[in-house]
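Residue-level listing of the chains:
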Amino acid sequence: MKARGYLLFTIVVCLSSYDVCWAGSSWFHFGDWGPSHWVREICHWLGWCSQVCYDDLGCFENTLECHKPFFPPMPPDEILTTFNMISNDDRQFSPPIMRSEVERVFDFGFNDSIGVVMIFHGWGESHLKKWVSDLSNALLNRTNTNIIVVDWYEGSDELNYLKAVQNTRVVGREVALFIKSLSEQSSISLSRFHLIGHSLGAHVAGYTGAYLSGIGRITDYISFICTALDAAGPAFEGTGPECRLDESDALFVDAIHTDAPPNGEGVGISQRIGHCDFYPNGGHDQPSCHFWQLTCNHARSYEYFIESLVFPGCSFTSILCPNETSFSEGTCPSCDENEGGCPSMGYYASENQANGKFYLRTHRKRPFCVKRHQSLKKT
């Protein structure tokens with residue numbers, strides 16, 4: 001395999017007596033297949049390491065079952081997480097900014113008097129995906145905010161999906177430290193951050209919020225909003241909150257489920273993971289998505305979210321309901337009976353601060369929004 005073109009000085013020391021693998025400095029390392037990579041992997045498979053530590057990121061353990069498959073995660077100097085600002089002036093991405101270069105955001109127009117939206121891509125993607133640009137442009141057209149897109153392509157572009165799952169923890173912690181540094185170097189507080197993640201990116205955002213809760217110098221650590229766009233299901237479905245995004249990771253967590261059938265055949269998660277979980281069209285089998293369009297249902301989550309910005313007058317009005325069956329039969333309580341009313345799925349979901357499972361219908365083609373609530377019951 002081709003080397004990355006530079007030498008990284010690393011060493012991996014496996015200490016069976018301490019049950020730790022440590023990554024520090026020495027040994028030549030070429031790409032993903034250098035000596036340190038293999039020593040780290042062998043230490044794990046021999047059962048010598050239940051923990052791996054990466055300098056200032058701290059340690060990652062595999063004591064939970066959800067963290068065991070293909071442990072350990074890749075080190076940060078292999079994942080190469082970068083932060084990419086997009087300007088309202090030319091709508092172009094800035095050159096990649098590393099976590100250690102947080103002050104560079106001010107060179108590309110960062111304004112600490114307004115809010116920040118951070119966008120997280122999913123498995124096998126990068127910040128150059130079209131939906132990321134579409135969402136960024138929709139946000140810039142409708143809101144006055146800074147936009148930073150997190151790119152973790154080297155960690156997400158793994159043929160082995162479970163290895164990419166492992167890497168979400170490292171990326172989440174890197175983003176948390178980036179936010180901490182940005183908050184310390186500016187007057188911006190966490191209450192003005194909105195994290196938006198699609199698929200695996202939703203869980204990266206969750207790990208970001210979870211780690212920030214342990215940083216004592218930031219007192220409002222759960223004062224931001226987190227939006228999950230069809231959060232990934234495989235390796236996360238049925239797990240506890242310590243393994244995935246959950247409502248404790250932010251002041252308000254909303255989730256849009258579009259590829260989460262009850263039989264578990266979709267790639268999205270079906271269980272509730274936020275304060276406000278939306279299940280358009282039951283949360284699976286989106287209208288006009290055919291079985292041969294493998295990513296259609298999964299992609300509808302960000303398409304709906306983008307449309308909530310593009311057509312704000314046509315809201316995705318939802319209704320509180322215990323399950324899809326009740327929604328199909330039209331037996332859900334009315335909006336007047338629900339303390340949180342009938343929230344709108346998408347960008348404006350936090351305005352109601354509603355809590356529960358919410359169902360709604362959409363149209364088959366754009367605009368997808370239905371101006372008033374309808375059940376799935378055929379009339």
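So, here's what we can say about the structure. Keep in mind that what you see is a predicted model, and the values were worked out from it rather than measured. (Residues numbered from 1 in each chain as written. Predicted model: local features only at pLDDT ≥ 70, side-chain atom pairs only at ≥ 80, totals over all residues. Heavy atoms only, no water.)

**Let's talk about unusual backbone geometry**
Note that the residue after F71, namely P72, is joined by a cis bond; omega there is 10 degrees. Across the junction of R366 and P367, the peptide omega takes the value -10 degrees, indicating a cis bond. Its location among the elements puts P367 in the segment after β17 (356-360). Phi angles above zero are rare outside glycine, and R91 is one such case at about 55 degrees. Considering the arrangement of structural elements, one finds R91 in the loop between β7 (82-85) and β8 (115-120). Look at R91 and you get partly exposed, because its relative accessible area is 26%. Here S288, not a glycine, exhibits a phi torsion of approximately 70 degrees, which is positive. If you trace the backbone, S288 turns up in the loop between β13 (276-280) and α7 (296-310). A residue is classified by how much of its surface remains accessible, and S288, at 23% relative accessible area, is partly exposed. (Helix = DSSP H or I, 4+ residues; strand = E, 2+ residues; numbered from the N terminus. Buried < 20%, exposed > 50% of the residue type's maximum accessible area, 1.4 Å probe, protein only.)

**Re the state of the cysteines**
Counting across every chain of the model gives 6 disulfides. Here C53 pairs with C59 through a disulfide, and the sulfurs are 1.9 Å apart. Around the S-S axis, the bridge from C53 to C59 shows a dihedral of about 100 degrees and counts as right-handed. Note on C53: relative accessible area 9%, which makes it buried. Between the sulfur atoms of C335 and its disulfide mate C342 the distance is 1.7 Å. Around the S-S axis, the bridge from C335 to C342 shows a dihedral of about -100 degrees and counts as left-handed. Looking at C335, the relative accessible area reads 31%, which means it is partly exposed. (Disulfide = S-S within 2.5 Å.)

**A short note on the packing of aromatic side chains**
Per the stated rule, a full pass over the model turns up 13 aromatic pairs. Centre to centre, the rings of Y54 and F60 are 6.2 Å apart; their planes meet at 45 degrees, and the pair counts as tilted. By relative accessible area, which is 2% here, Y54 ends up buried. On the numbers, 6.0 Å between centres and 40 degrees between planes, the contact of F278 with F358 is tilted. Of this pair, F278 sits in strand β13 while F358 sits in strand β17; the two residues are 80 residues apart in sequence, bridging distant segments of the chain. When sorted by exposure, F278 lands in the same class as F358, which is buried. Here a set of aromatic residues connected by ring pairs shows up, and it is made of Y279, F327 and Y359. One residue, R173, lies across the ring of F60, its end atom 4.0 Å from the ring centre. Above the face of the Y279 ring, K357 is positioned so that its terminal group lies 5.1 Å from the ring centre. (Phe/Tyr/Trp six-rings, centres within 6.5 Å; stacked < 30°, edge-to-face > 60°. Lys NZ or Arg CZ within 6 Å of the ring centre and 35° of its normal.)

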